Amino acid sequence: QVQLVESGGGLVQPGGSLRLSCTASGISFSMYGMNWYRQAPGKQRELVAAITSAGSTNYIDSVKGRFTISRDNAKNTVYLHLNSLKPEDTAVYYCNGKWSILSYWGQGTQVTVSS
């Protein structure tokens, strides 16, 4: 059974930081490209950051320089470090793993940026 379990969300003030974690089980984690998506109320889900199996990373423009995606294959875990958070970063953040035609999702973790 495949599971992706996110953690680390919460309420943070503007300018603050969070670290999201996503731990996978039931897959050959090191082979998967791992992604973080987010969905704000009333908006479409968008890809925020991606890391390939080789460790190459990519980000949407609005988070470049503020968010960092990384992975620890020994722990089957992908991270998203969120720095300099803004109210517009408020969303449910989802972990996604992709390999070939396979794609798996976590349940999401809420990030709320508010004073």
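That block above? That's the structure.
The rules behind these values
- Residues numbered from 1 in each chain as written.
- Predicted model: local features only at pLDDT ≥ 70, side-chain atom pairs only at ≥ 80, totals over all residues.
- Heavy atoms only, no water.
- Pairing = 2+ DSSP bridges.
- Helix = DSSP H or I, 4+ residues; strand = E, 2+ residues; numbered from the N terminus.
- Axes fitted to C-alpha atoms, helices over the stretch in contact; angles between N-to-C directions.
- Buried < 20%, exposed > 50% of the residue type's maximum accessible area, 1.4 Å probe, protein only.
- Core = buried A, V, L, I, M, F, W, Y, C linked by side-chain atoms within 4.5 Å.
- Contact = heavy atoms within 4.5 Å.
- Patch = residues over 30% accessible without salt bridge, like charges linked within 9 Å, V, L, I, M, F, W, Y side chains within 5 Å.
- Areas by Shrake-Rupley, 256 points an atom, 1.4 Å probe, with all protein chains shown as cover.
- Salt bridge = Lys/Arg side-chain N within 4 Å of Asp/Glu carboxyl O.
- Disulfide = S-S within 2.5 Å.

The strand order across the open sheet built from 4 strands is 1-3-8-7, with neighbouring strands paired in antiparallel fashion. Each edge of the open sheet carries a strand with a single partner, namely strand 1 (3-7) and strand 7 (67-72). Taken over all neighbouring pairs, the strand axes of this sheet differ in orientation by 15° on average, direction set aside. Note that strand 1 and strand 3 (residues 18-25) share 5 bridges and pair antiparallel. For Glu 6, the partnering residue across the bridge sits in strand 3 and is Cys 22.

A positive phi angle, close to 50°, is found at Asn 76, a residue other than glycine. As for its placement among the helices and strands, Asn 76 is situated in the loop between strand 7 and strand 8 (77-82). Residue class for Asn 76 comes out partly exposed when judged on its relative accessible area of 25%. Non-glycine residue Ser 100 carries a positive phi angle of around 55°. By the secondary structure assignment, Ser 100 is in the loop between strand 9 (91-99) and strand 10 (102-105).

We now examine the nonpolar core. Ranked by internal contacts, the top residues of the largest apolar core, which has 28 residues, are Trp 36, Val 78, Leu 80 and Tyr 93. Among the secondary structure elements, those contributing two or more residues to this core are strand 3, strand 4 (33-39), strand 5 (46-51), strand 7, strand 8, strand 9 and strand 11 (109-113). Considering each element in turn, this core owes the most residues, 4 residues, to strand 3. In this structure Tyr 93 touches Glu 6, Leu 20, Trp 36, Tyr 37, Arg 38, Val 48, Phe 67, Leu 80, Leu 82, Gly 108, Thr 109 and Val 111, once residues within four positions along its chain are discounted.

The next subject is a nonpolar patch on the surface. Judged by side-chain polarity, Met 31, Trp 99, Ile 101 and Leu 102 come together as a nonpolar surface patch covering roughly 420 Å² of accessible area. Here Met 31 shows up in the loop between strand 3 and strand 4.

Two side chains bearing opposite charge may form a pair once their charged atoms approach each other closely. A complete count under the given rule lists 4 salt bridges for this structure. Measuring nitrogen to oxygen at the nearest pair gives 2.7 Å for the salt bridge that ties Glu 46 to Arg 38. Under the relative-accessibility criterion, Glu 46 is labelled partly exposed at 34%. With a relative accessible area of 6%, Arg 38 lands in the buried category. Taking the shortest distance from any N to any O, the salt bridge between Arg 38 and Asp 89 comes out at 3.0 Å. Here Arg 38, found in strand 4, pairs with Asp 89, found in the loop between strand 8 and strand 9; they are 51 residues apart in sequence, far enough to count as distant. The exposure class assigned to Asp 89 is buried, which follows from its relative accessible area of 1%.

Turning to the state of the cysteines, a few remarks are in order. Within the structure shown, the criterion is met by 1 disulfide. Paired through a disulfide, Cys 22 and Cys 95 show a sulfur-sulfur distance of 2.1 Å. Sign of the S-S torsion, about -75° for the bond between Cys 22 and Cys 95, identifies this disulfide as left-handed. Of the two residues, Cys 22 is situated in strand 3 and Cys 95 in strand 9; the sequence distance between them amounts to 73 residues. The exposure class assigned to Cys 22 is buried, which follows from its relative accessible area of 0%.

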